[in-house]
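The lines below spell out each chain.
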Amino acid sequence: MNMKKQEKVQFVIDTLEKLYPEVSIPLDHKDPYTLLIAVLLSAQCTDVRVNQITPKLFAIADNPYDMVKLTVEEIADIIRPCGLSPMKSKGIYGLSKILIDQYKGEVPADINILETLPAVGHKTASVVMSQAFNIPAFPVDTHIHRLMYRWNLSSGKSVVQTEMDAKKLFPINTWNKLHLQMIWYGREYSPARGWKLEKDIITRTIGKKSLINELLKTNKQ
């Protein structure tokens with residue numbers, strides 16, 4: 001079945017809406033600050049592990065004022081299981097101090113300011129914008145990057161390109177929910193490892209032909 005690009009986009013939106021009419025944010029948090037810290041911790045770490053660690057950290061410090069009472073070393077000790085703890089603990093301490101000194105302890109709803117905070121990259125800032133402030137953003141994680149390539153909606157060259165393509169293709173009013181739906185879909189139906197085409201209805205219907213053929217060949221062997 002030859003679908004036009006716009007029909008493919010609509011198929012993705014409709015299918016994800018059927019599968020995930022309600023979506024939750026995979027990281028436990030209660031406000032913009034705790035979400036910011038959780039997203040920062042999730043770099044090269046699973047959301048499941050982050051959700052195991054943040055209750056310990058937030059029991060001691062769930063706001064910038066309490067966070068800066070801890071030393072960088074104390075923060076690092078708590079978050080060590082998340083990996084990259086030297087860099088992440090410096091970032092958490094540093095950004096907490098900046099929020100107190102410059103923003104009255106509040107997380108600003110401005111992507112450009114967020115991206116200037118220590119250890120906060122574009123993806124982290126985008127997640128906070130969309131999920132804490134409900135301002136349209138399209139954070140691209142490994143799942144979305146993989147899906148956009150498998151669905152032949154992006155070249156897969158870089159996450160920057162994937163984000164630009166996603167923003168061009170999908171209507172702005174779908175972004176905040178859609179990127180979460182895609183993450184859940186990627187985990188459940190189209191994972192990086194153990195990928196089964198019969199489960200993956202979207203890739204099966206609109207995906208890159210060469211990828212599908214390759215997968216079918218591998219599965220036959």
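The shown structure was predicted, so the numbers you read here are calculated from the model rather than taken from an experiment.

Across its full length, the protein carries 13 helices and zero strands. Scanning the protein from its N terminus toward the C terminus, one meets helices and strands in the order α-α-α-α-α-α-α-α-α-α-α-α-α. The C-alpha radius of gyration computed for the protein amounts to 19 Å, which stays within 12% of the reference 17 Å derived for 221 residues, consistent with globular compactness. With respect to the principal axes defined by its C-alpha atoms, the protein has extents near 60 × 40 × 30 Å. Going through the 221 residues of the protein one by one, you find that 48% of them count as buried. Across the protein, the fraction of contacts at a sequence separation of at least 24, relative to all contacts at a separation of at least 6, is 60%. Separation of charge centres in the protein, based on 29 positive and 23 negative side chains, amounts to 9 Å.

This part is about the domain arrangement of the protein. Once the domains are mapped, the protein shows domain 1 (5–22 + 139–219) and domain 2 (32–133). Relative placement of domain 1 and domain 2: their C-alpha centres are 29 Å apart. Between domain 1 and domain 2, roughly 590 Å² of surface is buried when both sides are summed, and carbon and sulfur atoms account for 52% of that area. Ranking the residues of domain 1 by area buried against domain 2 places Pro 139, Glu 163 and Asn 176 at the top, with a combined share of 56%. Across the domain 1-domain 2 interface, the total number found is one salt bridge. Between Arg 187 and Asp 47 there is a salt bridge, and its shortest N-O distance comes to 2.5 Å. Along the contact surface separating domain 1 from domain 2 lie five residue pairs in polar contact (both at pLDDT 80 or more). Ranked by residue count, the leading element in the side of domain 1 that touches domain 2 is helix H11 (residues 175–188), at four residues. Here the side of domain 1 that touches domain 2 is composed, by residue class, of three nonpolar, two polar and three charged.

Attention now goes to the layout of surface pockets. Here the largest pocket defines a volume of roughly 790 Å³. Contributing to the lining of the largest pocket are 33 residues, with Ser 42, Cys 45, Asp 47, Lys 123 and Asp 141 lying nearest its centre. Counting residues per element, the ones that place at least two in the lining of the largest pocket are helix H2 (32–41), helix H3 (47–60), helix H6 (85–103), helix H8 (122–133), helix H9 (142–150) and H11. When its residues are assigned to classes, the lining of the largest pocket shows 17 nonpolar, 11 polar and five charged. Looking at which domains feed residues into the lining of the largest pocket, each of domain 1 (5–22 + 139–219) and domain 2 (32–133) supplies at least three.

So, on to the packing of aromatic side chains. Under the defined criterion, the tally for this structure stands at four aromatic pairs. On the numbers, 5.8 Å between centres and 65 degrees between planes, the contact of Trp 151 with Tyr 185 is edge-to-face. Taken together, the positions of Trp 151 in the loop between H9 and helix H10 (159–169) and Tyr 185 in helix H11 put the pair 34 residues apart, joining distant regions of the chain. Taking relative accessible area as the criterion, Trp 151 reaches 0% and is therefore assigned buried. Among the residues examined, Tyr 185 registers a relative accessible area of 0% and is labelled buried. For Arg 187, the ring lying beneath its charged end belongs to Trp 184, and the centroid distance is 5.4 Å.

Moving on to H8. Residues spaced three or four apart along an α-helix point in a common direction, a consequence of the helix completing one turn every 3.6 residues. For H8, with 12 residues, the first-to-last C-alpha span of 16 Å sits near the 16 Å given by 1.5 Å per residue. Where H8 is concerned, the buried positions are Thr 124, Ala 125, Ser 126, Val 127, Val 128, Met 129, Ser 130 and Gln 131. Those residues of H8 hidden inside the fold are in contact with H2, helix H7 (111–114) and H11. One or two residues past the end of H8 sits Asn 134, with phi positive at roughly 55 degrees.

So, how was this worked out
- Residues numbered from 1 in each chain as written.
- Predicted model: local features only at pLDDT ≥ 70, side-chain atom pairs only at ≥ 80, totals over all residues.
- Heavy atoms only, no water.
- Helix = DSSP H or I, 4+ residues; strand = E, 2+ residues; numbered from the N terminus.
- Rg over C-alpha atoms; globule rule 2.2 N^0.38 Å.
- Buried < 20%, exposed > 50% of the residue type's maximum accessible area, 1.4 Å probe, protein only.
- Contact = heavy atoms within 4.5 Å.
- Lys, Arg positive; Asp, Glu negative; His and termini not counted.
- Charge placed at Lys NZ, Arg CZ, Asp CG, Glu CD.
- Domains from an automatic or database assignment.
- Buried area = accessible area lost by both parts, 1.4 Å probe.
- Salt bridge = Lys/Arg side-chain N within 4 Å of Asp/Glu carboxyl O.
- Polar contact = N/O pair within 3.5 Å; in protein donor to acceptor, adjacent residues only side chain to side chain.
- Nonpolar A, V, L, I, M, F, W, Y, C, P; charged D, E, K, R; others polar.
- 1 Å grid on protein atoms, 1.4 Å probe; cavity = no way out; pocket = protein on both sides within 12 Å on 5 of 7 lines; lining within 4 Å.
- Points joined across faces, edges and corners; volume = space filled by probe spheres on them.
- Phe/Tyr/Trp six-rings, centres within 6.5 Å; stacked < 30°, edge-to-face > 60°.
- Lys NZ or Arg CZ within 6 Å of the ring centre and 35° of its normal.
- Expected span 1.5 Å × (residues − 1).

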